[in-house]
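Inside the fold
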Amino acid sequence: MLGHLRVLLAESDVERAAILEQRLREISGAVILRMSAGGTLLDAVTAQDPDVIIVYMHRPERDRLDDLHRVGSDNTRPVVMLVDREDPAFMEEAIAVGVTSYATLMERDTVNRAKSMLMKQRNIDEPRAYRWLRRRAMNGNRRIVDVAAELLAKAGEDKPGS
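As the structure is a prediction and not an experimental result, all values here were calculated from the model.

Section: the sheet that holds strand β5 (residues 101–104)
- A sheet is described by the order of its strands in space; here five strands give the open sequence β2-β1-β3-β4-β5, paired in parallel fashion. With partners counted over all chains shown, the strands left at the sheet margins are β2 (31–34) and β5, one partner each. For this sheet, the mean angle separating the axes of adjacent strands, direction not counted, is 20°.
- Sheet topology places strand β4 (residues 79–83) next to β5; four bridges connect them, and they run parallel. The partner of V80 across the bridge, within β5, is S101.
- Where helix α2 (residues 41–48) meets the sheet, it contacts β1 (6–10), β2 and β3 (52–57), and its direction lies at approximately 160° from that of β1.
- Taken strand by strand, helix α4 (residues 88–96) contacts β3, β4 and β5, and its axis lies near 155° from that of β5.

Here's what the structure looks like:
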């Protein structure tokens, strides 16, 4: 395991955790660590010493923020939070307690659908499609998700399953 990125995946839903774990292994070759059932995030971080922490929340949970605050006080590791729905006030609280990246799954879906469309239209691979979106976002001083949504809307594919 020496030299591999160690990622702690904090997700209580077994199916979703398995999907996230599989995808992380496909794209990174990382060593995926999981929280034990009934354990706390702080216990898992202390016991497993991950390089990165990924926390998934179905809905904003203040108790989970308390856990993140306890972890964040002694933590220099990046903490990524994935959520099902956007809540700007909760996002600000999460960042204040040490979350370094906050992403809604809807935004990720939008970016992924735009990348897929670019890959098909331009016959390019995923990294080139992402670079295309990123370059447009940077040139326009916009977020990648906004560029992706605009691209999908122009193509008439602005809704999942369109």
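That shown, we press on.
A word on the pattern of salt bridges
- Taken as a whole and assessed by the stated rule, the structure comprises nine salt bridges.
- The residue D146 makes a salt bridge to R143 at a minimum N-O spacing of 3.5 Å.
- Bridged by salt links that share partners, the residues R23, K115 and E126 form one connected network.

Examining the packing of helix α6 (residues 126–139) against helix α7 (residues 144–154)
- The geometry of α6 relative to α7 is characterised by a closest axis approach of 8 Å and an angle of 105° between their N-to-C directions. If you check the angle between α6 and α7, you find them roughly perpendicular. On α7, the residues that touch Y130, W132, L133, R134, R136 and A137 of α6 are I144, V147, A148 and L151.
- A per-class count over the contact of α6 with α7 returns eight nonpolar, no polar and two charged.

Re the environment of I54
- By secondary structure assignment, the location of I54 is in strand β3.
- The exposure class of I54 is buried, given its relative accessible area of 11%.
- Along the sequence, I54 and E26 sit 28 residues apart, while their C-alpha atoms lie 16 Å from each other.
- Here I54 is in contact with V7, L8, L9, A10, L24, V80 and L82, once residues within four sequence places are set aside.

Examining unusual backbone geometry
- Although it is not a glycine, D49 sits at a positive phi angle of roughly 50°.
- You can call D49 partly exposed: its relative accessible area is 46%.
- Phi angles above zero are rare outside glycine, and N123 is one such case at about 50°.
- Mapped onto the secondary structure, N123 falls in the loop between α5 (105–122) and α6.

Basis of the calculations
- Residues numbered from 1 in each chain as written.
- Predicted model: local features only at pLDDT ≥ 70, side-chain atom pairs only at ≥ 80, totals over all residues.
- Heavy atoms only, no water.
- Pairing = 2+ DSSP bridges.
- Helix = DSSP H or I, 4+ residues; strand = E, 2+ residues; numbered from the N terminus.
- Axes fitted to C-alpha atoms, helices over the stretch in contact; angles between N-to-C directions.
- Contact = heavy atoms within 4.5 Å.
- Salt bridge = Lys/Arg side-chain N within 4 Å of Asp/Glu carboxyl O.
- Parallel < 35°, antiparallel > 145°, perpendicular 65-115°, else oblique.
- Nonpolar A, V, L, I, M, F, W, Y, C, P; charged D, E, K, R; others polar.
- Buried < 20%, exposed > 50% of the residue type's maximum accessible area, 1.4 Å probe, protein only.

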